[in-house]
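Here's the letter readout for the chains.
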Amino acid sequence: MSKSKKHKERGKKQNNKTALMSILFVLIIIAIFGSAVYILMSKTASLEPVDKDAIKMTVTMAGFDPGIIRAQAGEPVTINLINPDNSHHTDGGGFHNFILTAGLSSVNITVPPLSQKVFTFTPTQPGEYHWYCDICCGGKENPSMHGTLIVA
Ligand SMILES: [Cu+2]
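Residues numbered from 1 in each chain as written. Predicted model: local features only at pLDDT ≥ 70, side-chain atom pairs only at ≥ 80, totals over all residues.

Q: What exactly am I supposed to notice about the overall build of the protein here?
A: Within the protein, the secondary structure is distributed over 1 helix and 9 strands. Reading the protein from its N end, one meets helices and strands in the order α-β-β-β-β-β-β-β-β-β. Burial status across the protein gives 18% buried among its 152 residues. Sequence separation of at least 24 residues holds for 66% of the intrachain contacts in the protein that already meet a minimum separation of 6. (Helix = DSSP H or I, 4+ residues; strand = E, 2+ residues; numbered from the N terminus. Buried ≥ 20, exposed ≤ 12 C-beta atoms within 10 Å, placed from the backbone. Contact = placed C-beta atoms within 7 Å.)

Written out as structure tokens, the structure is:
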């Protein structure tokens, strides 16, 4: 084999290697984008309220939305509580809860990150009742993690 032919062979091999690496690179990019799209899609799907007749409420580090709900004494209240926070939140790990005790049978619901819970309770006496989250940002002491139930 002449010197120049050897040189050419080596060049060809290197070209093959580069082509293979490019294909691998493209495949990896497709895989990453594919899973990113899948994760985004599955997230939004799971955060649509599962109970359309319930009161839709979201809870994040910013508080409860809505922060005030109205009900009638003796009539059941059903809340579809959605937690769009992910587990990367350092404070509370993305968990939130809904605790309502005063004057009612105790309600204590914990919603893991990126999930939702539907729960029902029946207020018996008219009045104003207070609920809160006890997990994130100092829990009960955090002024944003509160809400008011007004029972007529
Ligand atoms: Cu919270």
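Structure shown, so let's carry the discussion forward.
Q: Any chance you could explain the sheet that holds strand 7 (residues 115-121) here in plain terms?
A: Picture the strands of a sheet paired through backbone hydrogen bonds; they go either parallel or antiparallel. Pairing within the open sheet is mixed, and its 4 strands lie in the order 2-1-4-7. Whereas interior strands pair on both sides, the edge strands pair on one side only; in this sheet they are strand 2 (63-65) and strand 7. Neighbour-to-neighbour, the strand axes of the sheet open up by a mean angle of 25°, direction not taken into account. The pairing of strand 1 (residues 55-60) with strand 4 (residues 77-83) spans 4 bridges and is classified as parallel. Among the inter-strand pairings, Met 57 is bridged to a residue of strand 4, identified as Leu 81. (Pairing = 2+ DSSP bridges. Axes fitted to C-alpha atoms, helices over the stretch in contact; angles between N-to-C directions.)

Q: Mind showing me how you'd approach the nonpolar core here?
A: Inside soluble globular proteins, nonpolar side chains tend to come together where they are buried. Ranked by size, the top nonpolar core spans 17 residues in total, and within it Val 59, Leu 81, Phe 98, Trp 131 and Cys 133 carry the most contacts. Top element by residues in this core is strand 4. It accounts for 4 residues. With residues up to four places along the chain from it excluded, the contact list for Val 59 reads Phe 64, Leu 81, Asn 83, His 96, Val 111 and Cys 133. (Core = buried A, V, L, I, M, F, W, Y, C linked by C-beta atoms within 7 Å.)

Q: When you look at the environment of Asp 85 in this model, what are you seeing that I'm missing?
A: With respect to the secondary-structure elements, Asp 85 resides in the loop between strand 4 and strand 5 (96-100). Judged by the 23 C-beta atoms lying within 10 Å of it, Asp 85 is buried. Linking Asp 85 and Val 59, residues 26 residues apart in sequence, is a C-alpha distance of 8.1 Å. The contact partners of Asp 85, leaving out residues within four places of it in the chain, are Thr 60, Met 61, Gly 94 and Pro 113.

Honestly, it's all geometry; don't read function into it.
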